[in-house]
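# Commentary on secondary and tertiary structure
Here are the chains, one letter per residue:
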Amino acid sequence: EVQVVESGGSWVQPGGSLRLSCTASGFSFSTYVMSWYRQAPLSQRTLVASINSAGTGAEYANSVKGRFTISRDNAKNTVYLQMNSLKPEDTAVYYCKLRLRNLIDHRETVYWGQGTQVTVSS
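Parameters at a glance
- Residues numbered from 1 in each chain as written.
- Predicted model: local features only at pLDDT ≥ 70, side-chain atom pairs only at ≥ 80, totals over all residues.
- Heavy atoms only, no water.
- Pairing = 2+ DSSP bridges.
- Helix = DSSP H or I, 4+ residues; strand = E, 2+ residues; numbered from the N terminus.
- Axes fitted to C-alpha atoms, helices over the stretch in contact; angles between N-to-C directions.
- Core = buried A, V, L, I, M, F, W, Y, C linked by side-chain atoms within 4.5 Å.
- Buried < 20%, exposed > 50% of the residue type's maximum accessible area, 1.4 Å probe, protein only.
- Disulfide = S-S within 2.5 Å.
- Patch = residues over 30% accessible without salt bridge, like charges linked within 9 Å, V, L, I, M, F, W, Y side chains within 5 Å.
- Areas by Shrake-Rupley, 256 points an atom, 1.4 Å probe, with all protein chains shown as cover.
- Salt bridge = Lys/Arg side-chain N within 4 Å of Asp/Glu carboxyl O.

## Some points on the sheet that holds strand β3 (residues 18–25)
- Pairing is antiparallel across the open sheet formed by four strands, whose spatial order is β1-β3-β8-β7. Of all strands in the sheet, those bounded by a partner on one side alone are β1 (3–7) and β7 (68–73). Adjacent strand axes in the sheet meet at a mean angle of 15°, parallel and antiparallel pairs treated alike.
- Of the strand pairs in this sheet, β1 and β3 are connected by five bridges, and their pairing is antiparallel. Across the sheet, the residue bridging to glutamate 6 is cysteine 22, located in β3.

Here it is, written out as structure tokens:
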């Protein structure tokens, strides 16, 4: 079965950096878009960044532009989120989203990781 696993979340002081990783497994014959979302307490889950299947195009939330960078390594089925100049308002559970498009039947399916906690505070 498809699995999506995030790692790298931690506590960090304001201005610090973290790199999150998300590795997907258990699928074949598919292209996939991978995205990072986050959800703070009492808030809705929102898109942070998304990268296309080729790794040539990315989208970012306005709140993280210039600070966060998304990248992917298709050989490892892994997407990364480099987070710099972190702010307290970046505190949230960060989730990896995998959207598969099967190359044989063209069906799309979505999978979510369990999330990794990022805490930015003094």
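On we go from here.
## Re the nonpolar core
- With 29 residues, the main nonpolar core has Trp36, Leu81, Met83, Tyr94 and Leu98 as its most contacted residues.
- Every element with two or more residues in this core is listed here: β3, β4 (30–39), β5 (46–51), β7, β8 (78–83), β9 (92–102) and β11 (116–120).
- The greatest single-element share of this core, amounting to five residues, is contributed by β9.

## So, the state of the cysteines
- Per the counting criterion, the structure on display carries one disulfide.
- Residue pairing for cysteine 22: its cysteine sulfur links by disulfide to cysteine 96, the two sulfurs lying 2.0 Å apart. An S-S torsion of about -85° defines the bridge between cysteine 22 and cysteine 96 as left-handed. Of the two residues, cysteine 22 sits in strand β3 while cysteine 96 sits in strand β9, which places them 74 residues apart along the sequence.
- A relative accessible area of 0% means that cysteine 96 is categorised as buried.

## Topic: a nonpolar patch on the surface
- On the surface, a cluster of nonpolar side chains totalling about 370 Å² of accessible area is made up of Phe29, Leu103 and Ile104.
- If you trace the backbone, leucine 103 turns up in the loop between β9 and β10 (108–112).

## Things to note about the pattern of salt bridges
- Applying the stated criterion across every chain, the model contains four salt bridges.
- Between aspartate 90 and arginine 38 there is a salt bridge, with the nearest N and O atoms lying 2.9 Å from each other. Pair noted here: aspartate 90 is in the loop between β8 and β9 and arginine 38 is in strand β4, with a separation of 52 residues, a long-range link. Just as aspartate 90 is buried, arginine 38 falls in that class too.
- Between glutamate 108 and arginine 99 there is a salt bridge, with the nearest N and O atoms lying 3.8 Å from each other.
- The class for glutamate 108 is partly exposed, based on a relative accessible area of 39%.
- Here the residues in one salt-bridge network are Arg38, Arg67 and Asp90, joined through shared partners.

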